[in-house]
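Listed below, chain by chain, are the residues.
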Amino acid sequence: MKGLTDVPGIRVGHASDFDALTGCTAILFEGGAVGGVDIRGSATGTSELDTLSPGHVTSRVHGIVFSGGSAFGLEAACGVRRYLGAHGVGFDTGVARVPIVPSAILFDLAIGKSGVRPGREMGEAAAAGASDAAVVEGCVGAGTGATVGKLFGMKRAMKSGIGSYSVSLPDGVIVAALIAVNALGDVREPSTGKVIAGARVSESSREFVNAERAMLSGQTGGFGNTTLALVATNAVLTKVMAGKLAALASIGVVRTIAPVNTMLDGDVTFAVSIGSKTAEIDVLGVAAIEAVEQSILRAVKSAKSMGGLPGLAGSAR
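Parameters at a glance
Residues numbered from 1 in each chain as written. Predicted model: local features only at pLDDT ≥ 70, side-chain atom pairs only at ≥ 80, totals over all residues. Heavy atoms only, no water. Buried < 20%, exposed > 50% of the residue type's maximum accessible area, 1.4 Å probe, protein only. Helix = DSSP H or I, 4+ residues; strand = E, 2+ residues; numbered from the N terminus. Pairing = 2+ DSSP bridges. Core = buried A, V, L, I, M, F, W, Y, C linked by side-chain atoms within 4.5 Å. Contact = heavy atoms within 4.5 Å. Salt bridge = Lys/Arg side-chain N within 4 Å of Asp/Glu carboxyl O.

(A) Inspection of the pairing of strand β16 (residues 268-277) at higher detail. Counting buried residues in β16 gives 7 out of 10 residues, a clear majority hidden from the surface. In this structure, strand β2 (residues 22-39) lies alongside β16, joined through 6 bridges in antiparallel fashion. Directly across from Gly-36, in β16, lies its bridge partner Ala-271. Where strand β14 (residues 226-235) and β16 come together, 7 bridges link them in parallel fashion. Looking across to β16, one finds that Ala-235 is bridged to Lys-277.

(B) A look at the nonpolar core. By size, the foremost hydrophobic cluster in this structure holds 35 residues, and its most contacted members are Val-187 and Leu-284. Contributions of two or more residues to this core are made by β11 (174-182), β13 (195-197), β14, α4 (239-256) and α5 (281-301). Broken down by element, this core gets its largest block of residues, 10 residues, from α5. Non-local contacts of Leu-284, meaning those with residues more than four positions away in its chain, are made with Leu-169, Val-173, Val-175, Thr-233, Ala-235, Leu-237, Leu-245 and Ala-279. One finds Val-135, Ala-180, Leu-228 and Ala-232 within the second-largest nonpolar core, a separate group that totals 29 residues.

(C) Highlighting the pattern of salt bridges. Using the criterion set out here, one finds 11 salt bridges in the structure. A salt bridge links Arg-11 to Glu-30, with the nearest nitrogen and oxygen atoms 2.1 Å apart. Highlighted residues: Arg-11 in strand β1 (residues 11-17) and Glu-30 in strand β2, separated in sequence by 19 residues. In this structure, Asp-38 and Arg-40 form a salt bridge, with 2.7 Å as the shortest nitrogen-oxygen distance.

(D) Just the side chain of Lys-239, in detail. Tracing the sequence through the fold places Lys-239 in helix α4. Once residues within four sequence positions are removed from consideration, Lys-239 is found in contact with Val-34, Gly-35, Thr-51, Leu-52, Ser-53, Pro-54, His-56, Thr-58 and Ser-59.

(E) Region of the structure containing unusual backbone geometry. Here the bond from Ala-258 into Pro-259 is cis, since omega is -10°, no more than 30 degrees from zero. Mapped onto the elements of the fold, Pro-259 is located in the loop between β15 (257-258) and β16. Positioned with a positive phi, Ser-70 is a non-glycine residue whose angle comes to about 55°. Tracing the backbone shows Ser-70 in the loop between β4 (61-67) and α1 (76-86). The residue Asp-171 is not glycine, and still its phi comes out positive at about 65°. Mapping Asp-171 onto the fold places it in the loop between β10 (162-168) and β11.

(F) Representation of the pairing of β2. Of all 18 residues that make up β2, 14 are buried, and the element is covered over most of its length. Judged from the 7 bridges that link them, β1 and β2 form a sheet pairing that is antiparallel. Among the inter-strand pairings, Val-12 is bridged to a residue of β2, identified as Ile-27. As judged from the 6 bridges shared by β2 and β4, these two strands associate in the antiparallel manner. Counterpart to Ile-27 in the pairing with β4 is Ile-64.

Structural data, given as structure tokens:
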């Protein structure tokens, strides 16, 4: 299993700054993809989301960018756009091809160096390094500075990153996901509700508080979050159905992160269709939920300790 790149026609590239602990991830569809989006968080930072609207003149997108750096990181999409434009990819305006590249950011300024953010050069590097090889997971790309469990602040949080997973259906239909997990809440096993990464009892402890219960007891706090998700399928979808698939995929985020979609999270889920297979949208939705759940679990399980925070995958070299 390669993760998101199991869907033919998709390439993924990361650019990472392991000193500043930030980065970006470029997901490319050079042949174009039909897209949709579902916004559940209330602290979002995005660009070009209108291009995913059924009423927009452009029928396809050519890339999606996830970036750290808060709003500053939106500049990374300019580099991806420049890379695609140099390779003749984009919406044909008659005088030039203009790449359509929606993007979304997460807040990682509280770890590493807050004055260093992904920019145009980093975005271009991520696009140039994109391939259809197995998706590299963990503390890379947009997940370089990702963390979870921040209800009590960064000192009691844990390291997170990027995860990716694919689900195969009959007749060659594939649904895959890629997630950058930077949540206020805890990550838990959907089947048991057990917290596997999140807010800890103390800075030196690996015992979890359970953020939901703490909030019910009156605890508030945390800042600088957002879970960014992308699901892709090789089944044919309209823009309307792509939006529905994104909404269904968001259920996987809700099942795996708690609390989630808060006022301090900028949670966004994208969905893209790239292929010619046929499948019912509800079946695709069930597969997308599983792909999202597993991607989130893989994001924390593959994260190494960095920036003074523990990760489930142990110490970084």
